[in-house]
Amino acid sequence: MNKKTGIILSCLILIWPVAYLLAGETPASLKKAVASIDPILPYQLARAMASPEFAGRLTGDEGYTKAARWAAEKFKDWGLKPLAAKTGYLQPYPSPYTLIDEAAITLYLPDKTGTDGQLSYQKIELEPEKDFLPLLFSDSGDKTGELVFAGWGISAPELNYDDYAGLEVKGKYVLCFRGTPEPGRAEFQYYDEHRTRMKTARDKGALGLIYIYPDVQANPNGDWLSGFMPAMISEKVAGQIFKEINSTAADVKKALQTYQRPISFPLKSRLAYSVKSRHFPEATGYNIAGWVEGSNPKLKKELIIVGGHFDHCGRHLGLLFPGADDNASGSAVVMTLARAFSTNKLKTERSIMFVLFGGEEMGLQGSTYFVEHLPAGLTQVMAMFNFDMEGEGDGAWCGLSAEPPAIRESIEKANKEIGIIRGISVVKRAGVRGSDFTPFFLKSIPFASLGSNGPHLAYHGTGDTIYRLNPEIMGAIARVSFLSIYYLANNQVI
Ligand SMILES: [Zn+2]
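No experiment lies behind these values; they were computed from the predicted model shown.

This part takes up the packing of aromatic side chains. Taken as a whole and judged by the stated rule, the model has 21 aromatic pairs. Look at F437 and F447: their rings are 4.6 Å apart centre to centre, the planes differ by 10°, and that puts the pair in the stacked class. Pair noted here: F437 is in the loop between β20 (421–426) and α12 (438–441) and F447 is in strand β21 (residues 447–452), with a separation of 10 residues, a long-range link. A network of ring pairs unites the aromatic residues F149, W152, F177, F242 and F265 as a single cluster. We note K81 situated over the ring of W291; from NZ or CZ to the ring centre the distance is 5.5 Å. Across the ring face of Y487, the terminal group of K413 is positioned such that the distance to the ring centre comes to 4.1 Å.

Structure representation (structure tokens):
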């Protein structure tokens with residue numbers, strides 16, 4: 001070493017700690033922390049969550065509670081602080097639920113009128129999951145009745161819209177689509193909720209409500225109503241019913257969308273529907289939450305919430321709905337971020353809380369409860385990051401609130417490094433079809449919601465298994481989120 005080099009080196013050694021302090025963490029240590037996020041971790045976590053042991057994680061059911069304890073144990077192992085000293089990582093809340101043990105539907109379609117003037121019927125047995133599923137909150141029963149088609153199943157006199165006008169549904173099954181005459185109109189949102197539609201049909205004396213969906217999906221989003229038996233059939237099956245009016249499910253739906261006025265009529269087709277179910281009105285659901293305390297004495301009171309729903313649709317009729325993509329994948333990303341922020345040496349000025357929500361599939365119940373019961377002393381939420389369905393595809397999208405611009409800037413800055421987000425859009429309205437960011441949005445808490453670009457082909461089906469998941473996409477979403485949350489927690493956006 002010559003003298004000149006020696007002087008330069010001594011200067012560098014002197015300057016280095018100053019520069020280090022001014023810049024916060026070095027980009028090199030940040031890069032190292034990002035690189036240490038291994039895609040195999042979210043994959044392994046998702047595989048455990050989607051395993052039969054946790055029985056499809058239906059909130060309230062023992063499979064869910066077992067999974068919640070497993071996740072809490074992970075948070076503990078990784079050194080996260082528990083949500084509350086008394087209850088630890090679990091936040092309990094009331095969560096009634098229903099299990100369907102057996103179900104059968106037989107359709108009786110009008111065939112021909114005999115010489116005696118009597119109508120004869122063609123009998124069709126429907127196949128579970130392929131042709132039909134009970135809605136996962138149906139009461140037990142065995143009832144046969146005529147079908148009555150009632151458009152979108154909406155009765156909204158104050159909006160001058162009534163699919164039930166002039167229709168007698170007492171002792172019959174109401175057949176309808178899910179949707180509203182004007183999808184862009186906020187006043188119809190309340191009527192788009194499953195609970196509203198079920199209650200309307202029940203109050204009008206119907207035996208049950210039969211939804212028409214393009215494909216049959218598991219759906220636990222509703223209340224158990226005494227004596228009421230709702231179900232879902234595919235558009236293909238509905239097409240067989242609409243043959244008696246010489247139409248198809250697609251044509252009837254198109255007419256409703258085009259004319260935006262009620263199209264309702266009684267049908268000759270009959271439906272025999274039997275269900276054996278068990279309802280648990282006193283059950284308990286859990287959110288699972290742990291946090292990392294911020295290093296700045298002032299800023300640590302400000303919280304960034306990183307969450308995703310932990311629940312799925314459970315096990316019914318002997319069918320397991322594993323919910324690997326929806327939302328073991330998002331929960332696994334949340335847990336991976338929890339581990340990364342808790343175990344690496346980087347400090348964040350603000351505090352970060354990681355939450356796995358219960359009851360999203362039942363209508364955003366866990367996240368709604370969480371927003372209403374924020375931990376004392378940590379009520380200043382700076383932002384919420386939501387993760388829902390992160391396992392399928394090769395890219396990601398992001399929906400976020402317009403304010404503050406720092407959220408978008410943090411994500412764009414992080415994405416320059418990782419390059420996985422294909423599109424960012426501002427969410428202007430969130431309602432019944434939103435994910436767990438909705439209760440935050442409704443309280444004007446800024447948020448960003450990330451999802452992989454799919455396609456999510458086995459959505460709410462038994463085919464949503466671990467084999468559909470791509471570890472690389474979960475890893476990349478965890479990395480880009482780690483960076484953007486880090487920037488936001490440290491005011492390093494610009
Ligand atoms: Zn979901």
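How big an interface is tends to be stated in terms of accessible area lost as the parts join. Segmenting the protein into domains produces domain 1 (25–95 + 283–489) and domain 2 (99–278). On a C-alpha basis, the centres of domain 1 and domain 2 stand 35 Å from each other. If you look at the interface, domain 1 gives 21 residues, while domain 2 gives 24 residues. Along the contact surface separating domain 1 from domain 2 lie six residue pairs in polar contact (both at pLDDT 80 or more). When contributions to the side of domain 1 that touches domain 2 are tallied by element, the ones reaching two or more residues are β15 (314–316) and β16 (319–321). Here the residues of the side of domain 1 that touches domain 2 are counted per class, giving nine nonpolar, seven polar and five charged.

With that settled, the discussion passes to helix α4 (residues 62–77). The terminal C-alpha atoms of α4 lie 23 Å apart, and with 16 residues this matches the ideal 22 Å at 1.5 Å per residue to within 8%. Buried within α4 are the following residues: G63, Y64, T65, A67, A68, A71, A72 and F75. For α4, the elements touching its buried residues are β2 (90–94), β13 (284–292), α9 (324–343) and β17 (351–357). Backbone geometry just after α4 places G79 at a positive phi near 85°.

Okay, the side chain of R350 next. The topology assignment puts R350 in the loop between α9 and β17. The class of R350 is buried, set by a relative accessible area of 5%. Once you skip the residues sitting within four places of it in the chain, R350 turns out to touch G294, L299, K300, E302, M382, L488, A489 and N491.

Time to look at the sheet that holds strand β9 (residues 173–177). Ordered in space as β4-β3-β12-β6-β9-β10-β11-β5, the eight strands form an open sheet in which the pairing is mixed. Each of the sheet's edge strands pairs with one partner strand only, and the pair in question is β4 (119–125) and β5 (132–134). The mean angle between the axes of side-by-side strands here comes to 30°, regardless of whether they run parallel or antiparallel. As judged from the nine bridges shared by strand β6 (residues 141–150) and strand β12 (residues 264–280), these two strands associate in the antiparallel manner. Residue pairing in the sheet places G141 in a bridge with V275 of β12. Against the sheet, helix α7 (residues 235–242) contacts β3 (97–113), β4, β6, β9, β10 (208–213), β11 (231–234) and β12, and its axis sits at roughly 85° relative to β11. Against the sheet, helix α8 (residues 249–259) touches β6 and β9, its axis set at about 75° to β9.

Rules used in this analysis
Residues numbered from 1 in each chain as written. Predicted model: local features only at pLDDT ≥ 70, side-chain atom pairs only at ≥ 80, totals over all residues. Heavy atoms only, no water. Phe/Tyr/Trp six-rings, centres within 6.5 Å; stacked < 30°, edge-to-face > 60°. Helix = DSSP H or I, 4+ residues; strand = E, 2+ residues; numbered from the N terminus. Lys NZ or Arg CZ within 6 Å of the ring centre and 35° of its normal. Domains from an automatic or database assignment. Contact = heavy atoms within 4.5 Å. Polar contact = N/O pair within 3.5 Å; in protein donor to acceptor, adjacent residues only side chain to side chain. Nonpolar A, V, L, I, M, F, W, Y, C, P; charged D, E, K, R; others polar. Expected span 1.5 Å × (residues − 1). Buried < 20%, exposed > 50% of the residue type's maximum accessible area, 1.4 Å probe, protein only. Pairing = 2+ DSSP bridges. Axes fitted to C-alpha atoms, helices over the stretch in contact; angles between N-to-C directions.

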